[in-house]
Amino acid sequence: MKLLFDLFPVILFFATFKFAENSPDMAMDLVSRVIDDGLTTMTAPVFLATIVAILATVCQVGWLLARGRKVEPMLWISLAVIVVFGGLTIYLRNEMFIKWKPTILYWIFAAILLYGNFVRKNFIRLLLAKAEIEIPEQAWGKLQNLWIGFFAVVGLINLAVAYTCSTDTWVNFKLFGLMALTLVFTIGVGVFVTKYATNRQN
C-alpha cells in the first residue's frame with residue numbers, strides 16, 4: 001500500500017498523459033482553463049499531466065496532515081520539487097522543466113547522502129533502523145555510497161531520455177523505466193546486504 005501511495009502522483013501523471021493523448025480536444029479544453037495561450041495538441045497532454053501531478057502531491061501531503069500523520073522528509077522534498085518545476089513548466093510553457101524534475105529529485109537525494117558522508121552520518125542506516133540489519137560499519141558506508149552513485153547515474157539517464165526521445169517515450173520511461181531501474185538496484189542491494197550479514201554471522 002505504501003508503494004502505491006508513494007507512486008500515486010507518478011501513476012496519475014502517466015494516466016493523465018495517456019488520456020490526454022487519446023482525447024486531445026478535451027485535454028486542450030481542460031488545460032486552457034489554466035493556461036490561456038501557447039497551447040497545442042502536442043503539448044496539452046504534458047501540461048495537463050503536470051497540473052494533475054502537482055495537485056496529487058499536494059493532496060498526498062494534505063491527507064497525511066489531516067490524519068495527524070508524519071509527512072516524511074522525502075515527500076516534502078518531492079512536493080517542493082514538483083511545485084517548482086511543475087510550476088515553471090506551466091508558467092513558461094516549457095515541458096523540459098517537468099522532465100528535469102526526476103533528475104533534480106534524485107540529485108537532491110544523492111546530495112543529502114553525500115552530505116552524510118562528510119558529517120559522518122549514515123542516513124541509509126537510519127532509514128533501515130527498523131529492519132534491524134546487522135552488517136559491518138564499513139558495509140554501511142559502501143551501501144550509502146552505492147545509493148549516491150545510483151541516484152547520480154539515474155538522474156543522468158533521465159536527462160538522456162528526456163533530451164533524445166519523444167515526450168511519449170519519456171513518460172513511459174518515467175513510470176516503467178525508472179521503476180525497473182530502482183527495482184533491479186534494490187535487489188542488488190539486498191544481495192549485497194545478505195552477503196555481508198552472512199559473513200558477519202560466520
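Residue numbering note: each chain is counted from 1, following its sequence as written. Predicted model: local features are reported for residues with pLDDT of at least 70 only, side-chain atom pairs are reported and counted for 80 or more only, and whole-chain, interface and lining totals are derived from all residues. In computing side-chain properties, one takes all heavy atoms of the structure into account and sets aside hydrogens as well as water.

A few points about the pattern of salt bridges
Right, on to step 1. One speaks of a salt bridge when a side-chain nitrogen belonging to Lys or Arg is within 4 Å of a carboxyl oxygen belonging to Asp or Glu. Going through the model one piece at a time under the given rule, you end up with five salt bridges.
Right, on to step 2. A salt bridge links Glu-21 to Lys-18, with the nearest nitrogen and oxygen atoms 3.9 Å apart. Taken as a pair, Glu-21 and Lys-18 lie in helix H1 (residues 2-22) at a separation of three residues, close to a single helical turn.
Right, on to step 3. Think of it in three bands: residues with accessible area under 20% of the maximum for their type are buried, residues over 50% are exposed, and the middle band is partly exposed, with areas taken using a 1.4 Å probe on protein chains only. Glu-21 gets classed as partly exposed once you look at its relative accessible area, which sits at 36%.
Right, on to step 4. Of the charged contacts, one joins Arg-33 and Asp-29 as a salt bridge, the two residues approaching to 3.2 Å between their closest N and O atoms.
Right, on to step 5. Of the residues examined, Arg-33 reaches a relative accessible area of 65% and is grouped as exposed.
Right, on to step 6. Residue classification places Asp-29 among the partly exposed residues on the basis of a relative accessible area of 39%. Here a helix means four or more residues in a row that DSSP labels H or I, a strand means two or more in a row labelled E, and each is numbered from the N terminus.

Concerning the packing of aromatic side chains
Right, on to step 1. Only Phe, Tyr and Trp rings take part, Trp by its six-membered ring, and two of them pair if their centres are within 6.5 Å. Stacked means planes under 30 degrees apart, edge-to-face means over 60, and tilted covers everything else. Taken as a whole and assessed by the stated rule, the structure comprises 10 aromatic pairs.
Right, on to step 2. On the basis of an interplanar angle of 80° and a centroid distance of 4.7 Å, the ring pair of Trp-147 and Phe-185 is categorised as edge-to-face. Of this pair, Trp-147 sits in helix H7 (residues 137-164) while Phe-185 sits in helix H8 (residues 167-201), and the two are 38 residues apart along the sequence.
Right, on to step 3. Judged by its relative accessible area of 18%, Phe-185 falls in the buried class.
Right, on to step 4. Taken together, the ring pairs in this structure connect Tyr-106, Phe-109, Trp-147, Phe-150, Phe-151 and Phe-185 into an aromatic cluster.
Right, on to step 5. Directly above the ring of Phe-13 sits Lys-174, whose terminal nitrogen or CZ lies 4.8 Å from the centroid. Both a distance and an angle decide whether a charge sits over a ring: NZ of Lys or CZ of Arg must be within 6 Å of the ring centre and within 35 degrees of the ring normal.

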